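# Residue-level structural notes
If you want the building blocks of each chain, they are given just below.
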Amino acid sequence: MTDQSRTADDRSRDDRAAGDATEDGGSVVLLHVEPDARSAELLAVFAERFADGFVVRSVDGMAAARREIDAADCIVTEQRLPDGTGVDLIERLRTRGVEVPVVFHTTCRGDEAAAKAFDAGADGFFSKRPERGQYDRILERLCRLVDDDDVRTLRTPTPVSPDLPEPSSGASRSAE
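Residues numbered from 1 in each chain as written. Predicted model: local features only at pLDDT ≥ 70, side-chain atom pairs only at ≥ 80, totals over all residues. Heavy atoms only, no water.

So, about the pattern of salt bridges. In total, this model carries 9 salt bridges according to the counting rule given. As a salt-bridge pair, Glu41 and Arg38 come within 3.8 Å of each other at their nearest N and O atoms. Of the two residues, Glu41 and Arg38 both sit in helix 2 (residues 37-50), 3 residues apart, roughly one turn of that helix. Here Arg94 makes a salt bridge to Glu99, at a shortest N to O gap of 3.9 Å. (Salt bridge = Lys/Arg side-chain N within 4 Å of Asp/Glu carboxyl O. Helix = DSSP H or I, 4+ residues; strand = E, 2+ residues; numbered from the N terminus.)

Pasting the structure below:
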């Protein structure tokens, strides 16, 4: 269960425990940037119960994500954050040289939102919908992006979105 009202000491203890799991090579640390506590809890519970090898850390905004990123192997973010956007987050991370996979799971829908995310460097874009399998698809995508043998070694990412057609070779996205 995710409790975003935990103290810094509680988070620090959890971070150390999650870091210990990563050091043995068995767990992938997923940083979930989600201002809605219920959405954060759903992903964490799903990953805990149905996906092997993920440790989910949830934070509610961009500032907290920047503090936690060094211990993360991948990121799932909402586009709408209380202190910025998911696109802003990716741009700041990429400027710092952080190249972890980033997947959007967002209430923002449409081609324009997805194009902005991909242009910023997102590796996947999923709209939040009340349907079966959405968390499976997100975690499967992250598994393909994060190498099982060394969680810091990335496979070559190919941006995908179940909301958009697969990119074809030679096709370009328009920048806005």
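Let us keep going from here.
Where helix 4 (residues 86-95) meets helix 5 (residues 111-120), the axes come as close as 9 Å, and the angle between the chain directions of the two elements is 10°. Here helix 4 is positioned roughly parallel relative to helix 5, judged by the angle of their axes. Mapping the contact onto sequence places Val87, Ile90, Glu91 and Arg94 in helix 4 and Lys116, Ala117 and Ala120 in helix 5. Its residues placed into classes, the contact of helix 4 with helix 5 shows 4 nonpolar, no polar and 3 charged. (Axes fitted to C-alpha atoms, helices over the stretch in contact; angles between N-to-C directions. Parallel < 35°, antiparallel > 145°, perpendicular 65-115°, else oblique. Contact = heavy atoms within 4.5 Å. Nonpolar A, V, L, I, M, F, W, Y, C, P; charged D, E, K, R; others polar.)

Across its 14 residues, helix 2 extends 20 Å between first and last C-alpha, which sits within 8% of the 20 Å expected from 1.5 Å per residue. The complete set of buried residues in helix 2 reads Ser39, Ala40, Glu41, Leu43, Ala44, Phe46 and Ala47. Summarising the contacts, the buried residues of helix 2 are in contact with strand 1 (28-33), strand 2 (54-59), strand 3 (74-77) and helix 6 (134-145). (Expected span 1.5 Å × (residues − 1). Buried < 20%, exposed > 50% of the residue type's maximum accessible area, 1.4 Å probe, protein only.)

Now for the environment of Ala115. The residue Ala115 is located in helix 5 in this model. For Ala115, a relative accessible area of 16% corresponds to the buried category. It is 9.3 Å that separates the C-alpha atoms of Ala115 and Phe125, two residues lying 10 residues apart in sequence.

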